[in-house]
Amino acid sequence: MLDPNKIKSRFPIFSDSENTDLVFLDNASTTQKPDVVVEKLNDFYSRYNANVHRGIYRIGELATMEYESVRKKIAGFINAKSEKNIVFTKGTTESINLVAYSWARKNLSPGDEILVTEMEHHSNLVPWQLAAQQTGATLRYIPITEAGELDLSDLEKYLNSKTKLVAIVHQSNILGTINPVKKIIDLAHNVGAKVLIDGAQYITHASLNVDELDCDFYAFSGHKMMGPTGVGVLYAKQVLLEEMDPFLSGGDMILSVSMEKSTWNDIPYKFEAGTPNIAQVIGLGAAIQFIEDTGIDKIDEFITSLTKTAITKLQSVRGLRIYGHGPSSDSTSVISFNLADIHPHDVAQFLDMDNIAVRAGHHCTQPVMLKYNISSTVRASLYIYNTPQDIERLVGSLQKTINFMS
Ligand code: PLP
């Protein structure tokens, strides 16, 4: 079993004199960075800072080699067939927008349907609302149950010959629910629909095999898996990337430019216009190496076990209601709750006075709020440097809050 105290000592932020008793439970929002990621960024800027795919001088070639080696690493990490399947973006949001602009606008027409779910992050919802408005397609929603799971009882009704795209979250950022994406992908393919998976939360702690899943697109962010901000990934099947038009245009994504027209670079470069986030990509490579050295299965096992402990302890707090995480639910890492009728922002502020960082709000999932008839929740989300003592501190502080407020 992974030792979170040992892991924690690898994260410089927790050694900062102002953070020594910080309990960081906002990991679904962004994760802290281990020493190897911070050092890698420093190393790039101090030893071989140069643009990529351009200079033929030594440090330019070194930067390009490091940058491209991360593409290969990511392909291996998610079991993609080739590094050509890996497009670097700014994050999950940009990856999804890339598909919404370059694939959806070309392939959708009036009468077509896009199927999403009621538990999507706004990043996997608003781009489809816009695409639907602009193409005349219709957006349909798989509902969620009171237990915070997808209600798949009528899935065959939602999937039909009009369905052209299914865009679905792998793990909910508010309920922690892990969706049975393989089953949905297979059924969607049976009606000829393409499938995009929003993997922003899932990939941070669980192993992923895009080849086995057979998804058409998979989107994720580097900063939620210990990498820097400003870098994300779109995995896409090669045939789709070949067919799609560019998203952003400018330098590096072209093969030739004349006064009249331009032709496009090979994939994946066709989708990477301008100077990319070089340091961030290289930093993400170090984060993935850290995950591989720690062991993704060990990470998953640890987080799932800590989540179970946290849920049991939280349930003992008077007036606390947890959303999702029913007895039969496949869920982990993210726990949303409300504490009696105390406003979530007040709860978060009380916790902050004890140096416990949680998030309060709608978590970019307003349809879920509507479903439960609430405006916001408190969210504690766990990662590998959280300890059982962190959970004790959270529960103790919540108990103090409810005693004080009543
Ligand atoms: N999808 C899910 C499930 C998320 O949790 C998030 C971020 O919280 C996003 C998409 C958007 O990620 P980013 O802001 O890194 O683009």
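Residue numbers here run from 1 along each chain, matching the order of that chain's written sequence. Selection of residues for local features in this predicted model requires a pLDDT of at least 70, selection of side-chain atom pairs for listing and counting requires 80 or more, and totals for whole chains, interfaces and linings are taken over all residues. The side-chain quantities take in all heavy atoms of the structure and omit both hydrogens and water.

Quick look at the overall build of the protein
What counts is decided by this rule: Under the DSSP-based scheme used, a helix requires at least four consecutive residues in state H or I and a strand at least two consecutive residues in state E, with every element numbered from the N terminus. What the globule rule says is 2.2 Å times the number of residues to the power 0.38, and the radius of gyration is computed from C-alpha atoms. Only protein chains enter the accessibility calculation, which uses a 1.4 Å probe. A residue is then buried if its area is under 20% of the maximum for its type, exposed if over 50%, and partly exposed in between. Contact definition: two residues touch when any of their heavy atoms are within 4.5 Å. All accessibility values rest on the Shrake-Rupley procedure with a 1.4 Å probe; residue burial counts only the protein chains present in the view.
When you go through the protein residue by residue, the secondary structure sums to 14 helices and 15 strands. For the protein, the C-alpha radius of gyration of 22 Å lies close to 22 Å, the compact-globule estimate for 406 residues. By its C-alpha atoms, the protein is 70 × 55 × 35 Å across when sized along the principal axes. Per-residue burial for the protein yields a buried fraction of 57% across its 406 residues. In the protein, 71% of the contacts between residues at least 6 apart in sequence involve partners at least 24 apart. In the structure as shown, the protein presents an accessible area of about 16800 Å², 50% of it carried by carbon and sulfur atoms.

Quick look at the pairing of strand 6 (residues 194-198)
Remark: a regular strand shows side chains that alternate across the two faces of the sheet. Spelled out, the test is: Only strands that DSSP links by at least two bridges are regarded as paired with each other.
In terms of burial, strand 6 is largely enclosed, as four of its five residues are buried. Across five bridges, strand 5 (residues 163-169) lies against strand 6 in parallel orientation. Pairing of L165 across the sheet is with K194, part of strand 6. Inspection of the sheet shows strand 6 paired to strand 7 (residues 217-221) by three bridges, in the parallel sense. If you follow L196 over to strand 7, its bridge partner there is F217.

Examining the site of the ligand
What counts here: Residues are classed as near a molecule or strand on a simple rule: at least one heavy atom within 4 Å of it. Any pair of nitrogen or oxygen atoms within 3.5 Å is treated as a polar contact; in protein, a donor-acceptor pairing is required on top of that, and neighbouring residues in sequence qualify only through side-chain atoms on both sides. Note on residue categories: nonpolar means Ala, Val, Leu, Ile, Met, Phe, Trp, Tyr, Cys or Pro, charged means Asp, Glu, Lys or Arg, and polar means any other residue, Gly included.
Near the ligand lie 14 residues; those nearest to it are T93, D198, Q201, S221 and K224. At 3.4 Å, a backbone N or O of T92 approaches an oxygen atom of the ligand. K224 places a side-chain nitrogen or oxygen 2.6 Å from an oxygen atom of the ligand. For the ligand, whose accessible area on its own is 400 Å², the fraction buried by protein is 85%. Residues belonging to the shell around the ligand are distributed by class as follows: three nonpolar, nine polar and two charged.

Section: the side chain of K8
Following the sequence through the fold, K8 ends up in helix 1 (residues 4-8). Filtering out sequence-adjacent residues up to four positions away, K8 remains in contact with F14, L22, Y385 and D390.

What about the nonpolar core?
The cut-off we apply is this: Here, nonpolar core refers to any group of buried Ala, Val, Leu, Ile, Met, Phe, Trp, Tyr and Cys residues whose side-chain atoms link them within 4.5 Å. By convention here, the domain bounds are inherited from an automatic or database domain assignment.
Residues I78, Y218, I384 and L398 are the most contacted members of the largest nonpolar core, which totals 105 residues. Here the element with the most residues in this core is helix 10 (residues 278-294); it accounts for 10 residues. Both domains that meet at this core, namely domain 1 (4-25 + 296-405) and domain 2 (38-292), each give it at least three residues. Setting aside anything within four residues of it in sequence, one finds L398 in contact with L314, V317, L320, F337, L339, V347 and L351. Counting residues in each nonpolar core, the second largest holds 28 residues, with A132, L196, A236 and M244 among its members.

Concerning the pattern of salt bridges
What counts here: Here a salt bridge means any side-chain nitrogen of Lys or Arg lying within 4 Å of a carboxyl oxygen belonging to Asp or Glu.
Taken as a whole and judged by the stated rule, the model has 23 salt bridges. A salt bridge links D43 to R47; its shortest N-O distance comes to 2.7 Å. Within this pair, D43 and its partner R47 are both found in helix 2 (residues 35-47), separated by four residues, close to a single helical turn. The class of R47 is exposed, set by a relative accessible area of 52%. Of the charged contacts, one joins K162 and E113 as a salt bridge, the two residues approaching to 3.8 Å between their closest N and O atoms. Remark: E113 occurs in strand 3 (residues 113-117) and K162 occurs in the loop between helix 6 (155-158) and strand 5; sequence separation between them is 49 residues.

Structural notes on the domain arrangement of the protein
Rule in force here: In short, buried area is how much 1.4 Å probe accessible area vanishes from two parts on joining, totalled over both.
Looking at the protein, the domain boundaries give domain 1 (4-25 + 296-405) and domain 2 (38-292). Domain 1 and domain 2 are separated by 28 Å when their C-alpha centres are compared. Taken together, the contact pairs 35 residues of domain 1 with 33 residues of domain 2. In this assembly, domain 1 packs against domain 2 so that about 2600 Å² is buried in total across both faces, 60% of it on carbon and sulfur atoms. Per-residue buried area on domain 1 facing domain 2 is highest for I296, K371 and Y383; these three make up 22% of the total on that side. In this assembly, domain 1 and domain 2 are joined by two salt bridges. The partner of K371 in a salt bridge is E118, and the shortest N-O contact between them spans 3.2 Å. For the pair domain 1 and domain 2, the interface holds 18 residue pairs in polar contact (both at pLDDT 80 or more). At the level of elements, helix 11 (296-314), strand 11 (320-323), strand 12 (334-339), helix 13 (366-372) and strand 15 (377-381) are the ones that each hand at least two residues to the side of domain 1 that touches domain 2. Sort the elements by how many residues they give to the side of domain 1 that touches domain 2 and helix 13 lands first, with six residues.

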